[in-house]
Amino acid sequence: MSRERYWRAISIDSITPEYFPSVALFLKTSGNYVLYKDPDRMFTLADFSRLERTYTEFLYVRSGDMEVLNDFMESTMAEMLARNDLSSIAKGRILYQTSVNCVIDMFESPETTANLLRCRNLVQNILQYVASDPHVLDSLKTVVDNNFYIFTHSVQVAALSLLIHERLFELAPDEMIDVGIGSLLHDYGMTFITNEVLEKNDALSDIEYWKVKQHTREGYDYLKHCGNYGEIVLNIVRYHHERYDGNGYPTGLKGDNIPRSGQVAAICDVYSALIMDRPQRKANTHADAIKIMLDEAKSGAFNIELFNKFVDIINETSTT
Ligand SMILES: [Fe+2]
Ligand SMILES: [Fe+2]
């Protein structure tokens, strides 16, 4: 297990003073994790103020403590989102960070019914949040990143896909849940690719690129075999790298033969990848990401009409 996987980030906004499970909390300073609070001591209002004064956004817990913490976070999430004393950014940070922690578990065992239920519950909360907050995208970028690219990216794609579906299409509640779950799991097939390829900083060889491209097929095959996942979920996993002009993968489907949920996921996928830091480059600004995607859309990557609507929604919901 890599060192980073041992630690999980918790947004300090989600730590309600005098009311938090008794787990040890750590601060990350110069790459080291230093004990901030031992399990027996209560997290107090003074702690909260001190951390706020030093602009600390995240504390860390040992991954072994996550089960109890996830239970706590996920069961109090709806309550947290309804609080008037928390800013929209703070709510987004709590929600996205809790979702990242849930996706980590989902990727470890997507066949577990308990994980699927947790995931449904979170998707419901994300949906409620994206539907009710006018600046819902402002907090997307504040999710702690470190080595959790794929998980953070998955949560971003889910929030974006849900937002687009909520604004543009009228789906039944269960279908919306499936859009969220499919988006959270769209890159699940990446778990079949070796770290050596995933963490490579140089350009990939043809064989390596071919392997990476298999993640759509492998994710689809695995999740289909699980038997827990419906058509919308599987479509998103399978088709999120198809291009509107038919030059995508894995099947080369063209135009509106690509299921709509797959088309939306493709757009959200590229946007999320562009606005995040990658080993080879810094994150693009929102405006640059849209510019790059517009060129892509003109070259046939996306349904241009859908892309334009996506841009309108992103511009409306993001002030940064
Ligand atoms: Fe992908
Ligand atoms: Fe992706």
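### Quick notes on the overall build of the chain
1) Next: Check the secondary structure of the chain and you find 13 helices and four strands.
2) Next: The principal-axis extent of the C-alpha atoms belonging to the chain is close to 60 × 40 × 40 Å.
3) Next: Expressed as a percentage of the 320 residues in the chain, the buried residues total 54%.
4) Next: Pairs at least 24 residues apart make up 69% of the contacts formed inside the chain by residues separated by at least 6 positions.
5) Next: Carbon and sulfur atoms make up 50% of the accessible area of the chain, which amounts to about 14,900 Å² in all.

### Some remarks on the packing of helix α6 (residues 149–168) against helix α13 (residues 304–317)
Helices that pack against each other are described as a pair by the angle of their axes relative to one another and the distance between those axes.
1) Next: Two numbers describe how α6 lies on α13: the axes approach to 11 Å, and their chain directions differ by 105°. By the angle between their directions, the pair α6 and α13 is classed as roughly perpendicular. Every residue of α13 that contacts α6 at L160, L163, I164, R167 and L168 is listed here: L306, K309, F310, I313, I314, E316 and T317.
2) Next: Residues belonging to the contact of α6 with α13 are distributed by class as follows: eight nonpolar, one polar and three charged.

### Points about the coordination of the iron ion (ligand 1)
1) Next: For the iron ion (ligand 1), the full set of protein donor atoms is D187 (OD), H215 (NE2), H240 (NE2) and H241 (NE2), and the range of their distances to it is 2.1 to 2.2 Å.
2) Next: Taken together, the four donor atoms surrounding the iron ion (ligand 1) define angles of 88 to 178° at the centre, an arrangement classified as irregular.
3) Next: Separation of the iron ion (ligand 1) from the iron ion (ligand 2) amounts to 3.5 Å, with D187 serving as a shared donor to the pair. Pair noted here: D187 is in the loop between α7 (173–184) and α8 (195–198) and H241 is in the loop between α10 (231–239) and α11 (260–274), with a separation of 54 residues, a long-range link.
4) Next: Look at D187 and you get buried, because its relative accessible area is 4%.

### Considerations on the domain arrangement of the chain
1) Next: Here the chain is described as being made up of domain 1 (1–63) and domain 2 (145–317).
2) Next: The gap between the C-alpha centroids of domain 1 and domain 2 is 32 Å.

### Quick look at the environment of K309
1) Next: In this structure, K309 sits in helix α13.
2) Next: By relative accessible area, K309 is classed as partly exposed at 40%.
3) Next: Residues K309 and V61, 248 residues apart in the sequence, show an inter-C-alpha distance of 40 Å.

### Description of helix α5 (residues 113–132)
Residues separated by three or four positions in an α-helix point in the same direction, a consequence of the helix having 3.6 residues per turn.
1) Next: Over its 20 residues, α5 runs 29 Å from end to end, which matches the ideal 28 Å to within 8%, given 1.5 Å per residue.
2) Next: Every buried residue belonging to α5 is among N115, L116, R118, C119, L122, V123, N125, I126, L127, Y129 and V130, and all of these are buried.
3) Next: Those residues of α5 hidden inside the fold are in contact with α3 (66–81), α4 (88–108), α6 and α7.

### Considerations on the packing of aromatic side chains
1) Next: What the rule picks out here adds up to 13 aromatic pairs.
2) Next: Summarising the aromatic geometry, the rings of Y96 and Y129 are spaced 6.2 Å apart at their centres and angled 80° between planes, so their arrangement reads as edge-to-face. Linking Y96 in helix α4 with Y129 in helix α5, this pair joins segments that are 33 residues apart in sequence.
3) Next: Assessed through its relative accessible area of 0%, Y96 is described here as buried.
4) Next: Of the residues examined, Y129 reaches a relative accessible area of 4% and is grouped as buried.
5) Next: Between F307 and F310, the aromatic rings sit 6.4 Å apart at their centres with planes inclined by 25°, giving stacked as the arrangement. Of this pair, F307 and F310 both sit in helix α13, three residues apart, which is roughly one turn of the helix.
6) Next: Residue F307 is classed as buried on the basis of its relative accessible area, which comes to 1%.
7) Next: On the basis of relative accessibility, which here comes to 1%, the residue F310 falls in the buried class.

### Quick word on the pairing of strand β2 (residues 25–29)
1) Next: Across five bridges, β2 lies against strand β3 (residues 32–37) in antiparallel orientation. Note that in β3 the partner of L25 across the bridge is K37.
2) Next: Joining the antiparallel neighbours β2 and β3 is a turn of two residues, in which S30 adopts a positive phi near 45°.

How each quantity is defined
- Residues numbered from 1 in each chain as written.
- Chains lettered and ligands numbered in written order.
- Predicted model: local features only at pLDDT ≥ 70, side-chain atom pairs only at ≥ 80, totals over all residues.
- Heavy atoms only, no water.
- Helix = DSSP H or I, 4+ residues; strand = E, 2+ residues; numbered from the N terminus.
- Buried < 20%, exposed > 50% of the residue type's maximum accessible area, 1.4 Å probe, protein only.
- Contact = heavy atoms within 4.5 Å.
- Areas by Shrake-Rupley, 256 points an atom, 1.4 Å probe, with all protein chains shown as cover.
- Axes fitted to C-alpha atoms, helices over the stretch in contact; angles between N-to-C directions.
- Parallel < 35°, antiparallel > 145°, perpendicular 65-115°, else oblique.
- Nonpolar A, V, L, I, M, F, W, Y, C, P; charged D, E, K, R; others polar.
- Donors = N, O, S within 2.8 Å, 3.2 Å for Na, K, Ca; no water.
- Tetrahedral: all angles 85-135°; square planar, octahedral: opposite > 155°, others 65-115°.
- Domains from an automatic or database assignment.
- Expected span 1.5 Å × (residues − 1).
- Phe/Tyr/Trp six-rings, centres within 6.5 Å; stacked < 30°, edge-to-face > 60°.
- Pairing = 2+ DSSP bridges.

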